[in-house]
Amino acid sequence: MHGSALPGAALTLRRLCDQVEGLGGVRPALGHLDHPSPASPALAGALRDGAVVVPLLLGDGYHRTVDIPAVVRSHGGPGRGCVLTDGLSGDRAVALALRDRLYEAEQEAGVEADAVVLAAAGSSRPRGNDGARVAVRQLRGLLRGIPVCGAYCSSGGPTVPEAVARLRAAGYRRVVVAAHLLAPGRFTVALAEAGADAVADPIADHPDIAALVLRRYETALRRPGGPAVPLGAAA
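Chains are numbered independently. Their residues run from 1 in the order of the written sequence. The model is predicted, so local features are restricted to residues of pLDDT at least 70 and side-chain atom pairs to those at 80 or more, both for listing and for counting; the totals for chains, interfaces and linings are taken over all residues. Side-chain measures here rest on the full set of heavy atoms in the structure, leaving out hydrogens and waters.

K.L.:
Would you take a moment to explain the overall build of the protein chain for this structure?
P.N.:
When helices and strands are counted, the protein chain shows eight helices and eight strands. The burial tally for the protein chain puts 47% of its 235 residues in the buried class. For the protein chain, contacts bridging at least 24 residues in sequence account for 72% of all contacts bridging at least 6. For the protein chain, the accessible surface area stands at approximately 10800 Å², while carbon and sulfur atoms represent 52% of it. Only DSSP runs of H or I reaching four residues or more are called helices, and only runs of E reaching two or more are called strands; each is numbered from the N terminus. Working definition: with a 1.4 Å probe on protein chains only, accessible area under 20% of the residue-type maximum means buried, over 50% means exposed, and in between means partly exposed. Contacts were defined at the residue level, with two residues in contact if any of their heavy atoms lie within 4.5 Å. Accessible areas in this description were obtained via Shrake-Rupley with a 1.4 Å probe; residue shielding takes into account the shown protein chains only.

So this is what it looks like as C-alpha cells:
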C-alpha cells in the first residue's frame, strides 16, 4: 500500500483486513511504502519468509512496477522467496465496488447522477493508467447510459475539476465523482473541492475488494513454485 498519514486510511485498511480474515481465515500483514507506523511498518519490515505480497494498488505505476518488485526481490534469497501477485488494477470487482460507493454517495446527497467522473490517482508511467481506463469502461457498462469520464488527481489530464467543469458546460446538472482510490488521503481531501454534487468514498473496505485480495492470495498459493508457507502480506 502507498500509505497515508490520515487516520481514516488506517481504519479503512483495518476493515479490509478484517474482511479478508473473515472470508479466508488469513490475516493480512499491512506494509506501507510511505507513512509507515508501528502498527503498519514499511513494506520491507512487514515481509516474512515465504510471504505472498498482494499490492493494494489500483494502477500499474512506479510503485507497482518498480518499488514493490525491488523490495520483494530483496527477500528472495534461499528459503525466503516471497511471491508477488498482480495488483488490483482492471478487475471487475473494482468497478462493482465503485458502483456501490457511487450509489451510497447519491443517496447521502439526495441526488441521482446524470454524469459521473471517475477520479483516479494518475501515473506518468507507460500503461500506468490502464486500470483506470478499464474501470471507466466497466462502470459505464454497469450504469447503463450514464456517461462516465476519467480524470486524474495527479500525473495526467484532465484533472477532476476540469472534468466536472466540462460536464457542466455540456449541460449535465448532477455530476458525481466516483473515487478510484482505495483509502482516504490527500487525493480524497482534494476531491471535496472539485465542484461535484457528491463524491463517493474510497473502496478498500468494500466486500468485493476483500474478496479480490483473497483471490490474488489463493491464486499465488496454487501457483507452481509458490510460497513455502501459506502466509499473506498485503502491501
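There is more to say after this.
K.L.:
Looking at this model, I keep getting lost on the sheet that holds strand β5 (residues 148-152). Mind explaining?
P.N.:
Sheet strands pair via backbone hydrogen bonds, and the direction of the pair is either parallel or antiparallel. Should DSSP find at least two bridges between two strands, the strands are taken to pair. The strand order across the open sheet formed by four strands is β5-β4-β6-β7, and the pairing between neighbours is parallel. Strand pairing shows two members of the sheet lacking a second neighbour, β5 and β7 (198-199), which therefore form its edges. In the sheet, strand β6 (residues 175-180) pairs with β7 via two bridges, with the strands oriented parallel. Bridge pairing in β7 links V176 to A198. The sheet strands contacting helix α5 (residues 130-143) are β4 (115-120), β5 and β6, and the helix crosses β5 at an angle near 155 degrees. Lying over the sheet, helix α6 (residues 160-169) contacts β4, β5 and β6, oriented at roughly 170 degrees with respect to β4. Lines fitted to the C-alpha atoms define the axes, with helices restricted to the stretch that makes contact. Angles between their N-to-C directions range from 0 to 180 degrees.

K.L.:
Explanation requested: unusual backbone geometry in the structure shown.
P.N.:
Trans peptide bonds make up most of the peptide bonds, and negative phi angles are found at most residues other than glycine. Within the chain, R127 stands out as a residue other than glycine whose phi angle is a positive 65 degrees. With respect to the helices, strands and loops of the structure, R127 is situated in the loop between β4 and α5. Overall, the relative accessible area of 65% leaves R127 in the exposed class. Non-glycine residue R144 carries a positive phi angle of around 55 degrees. Residue position: R144 is located in the loop between α5 and β5.

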